[in-house]
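Tertiary structure, described
So the chains spell out like this:
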Amino acid sequence: MKLRLAVHKSCKNKTNPQKVAKGWSNIVEDISWLEGWVKAGYGWCSTHFVDRHRKSENASGSNVIVIDIDGDTTLEQFWATDTAKNWCSATYTSASHTDDEHRFRALFPLETDLVTIGQHRAAYWLIVDRLVVDLGIESLKDNCGQKPERLWYGNTEAVFRY
C-alpha cells in the first residue's frame, strides 16, 4: 500500500526541528521505503502539505495514522492485541527506546484518504480507543499522533517490525 507522506532531509536524528517548517516534499511511497528513510535518520509526516510548509492549516490529506507509544506498553504486548494484529502494518523504535521503557511508533495505513484534520483525528481516536481497551489501560501518555502535521523523527538505530 502506498502512503501519503511528507519528507525532509534537514532534520536528522532529532536535530534542527525548528529549521524544518518549510521545504517539505510530498511523496507517495510504501512502508518499506519509509523504513529506509527512517533508518537513514530523516524526518517525515503522515500528510502532504500545501506549499511544502509544515503547519496545521496546510495539512492536505493523509492515509496513515501514527500512534506514539511512550512506555505505555511493550512491543510484545502491543503486537498481541487484536488492534495491532488486524490493523497495524509496522512499528519502529524511537531513539529513546530502551528495554525498560519501550518507545515506538505504530503505523496504521488506511484504505481511504482522510481529507480534513477532523477526519484524521477521528480515525486516530478510533484506533486509540480500541487499542487502550485491548491493552487494559486508561489512556496513552502521548497523543501527538492526532495531529497530521506531527513531525516524526528518523532514527538510525530503529528496529522495524511488521
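The structure we're discussing is the one just above.
Figured I'd write up the structure that's included with this text. Computed from a predicted structure; not experimentally measured. (Residues numbered from 1 in each chain as written. Predicted model: local features only at pLDDT ≥ 70, side-chain atom pairs only at ≥ 80, totals over all residues. Heavy atoms only, no water.)

1. Topic: the packing of aromatic side chains
Taken as a whole, this structure holds 9 aromatic pairs when the rule is applied. Taken together, a centroid distance of 5.5 Å and an interplanar angle of 70 degrees make the contact between Phe-78 and Phe-104 edge-to-face. Of this pair, Phe-78 sits in helix H2 (residues 75–79) while Phe-104 sits in strand E6 (residues 103–114), and the two are 26 residues apart along the sequence. Judged by its relative accessible area of 0%, Phe-78 falls in the buried class. Aromatic side chains Tyr-92 and Phe-160 sit 5.0 Å apart centroid to centroid with 15 degrees between the ring planes, which places their arrangement in the stacked category. Taken as a pair, Tyr-92 in strand E5 (residues 90–93) and Phe-160 in strand E7 (residues 160–161) lie far apart in primary sequence, 68 residues in all. Comparing Tyr-92 with Phe-160, the two get one shared label, buried. (Phe/Tyr/Trp six-rings, centres within 6.5 Å; stacked < 30°, edge-to-face > 60°. Helix = DSSP H or I, 4+ residues; strand = E, 2+ residues; numbered from the N terminus. Buried < 20%, exposed > 50% of the residue type's maximum accessible area, 1.4 Å probe, protein only.)

2. Observations concerning unusual backbone geometry
Even without glycine at this site, Asp-51 takes up a positive phi of about 60 degrees. Positionally, Asp-51 belongs in the loop between strand E3 (42–45) and strand E4 (62–70). For Asp-51, a relative accessible area of 68% corresponds to the exposed category. Unlike most non-glycine residues, Arg-52 shows phi in positive territory, near 55 degrees. With respect to the secondary-structure elements, Arg-52 resides in the loop between E3 and E4.

3. Comments concerning the sheet that holds strand E1 (residues 3–12)
Ordered by their spatial adjacency, 3 strands build an open sheet running E2-E1-E3, and the pairing between neighbours is antiparallel. Unpaired on one side and paired on the other, strand E2 (25–29) and E3 mark the two borders of the sheet. With direction set aside, neighbouring strand axes in the sheet form an average angle of 40 degrees. Here E1 pairs with E2 via 5 bridges, running antiparallel. Its bridge partner lying in E2, Arg-4 is registered against Val-28. Each of E1, E2 and E3 is contacted by helix H1 (residues 31–39), which is oriented at about 10 degrees to E1, the strand it contacts most. (Pairing = 2+ DSSP bridges. Axes fitted to C-alpha atoms, helices over the stretch in contact; angles between N-to-C directions. Contact = heavy atoms within 4.5 Å.)

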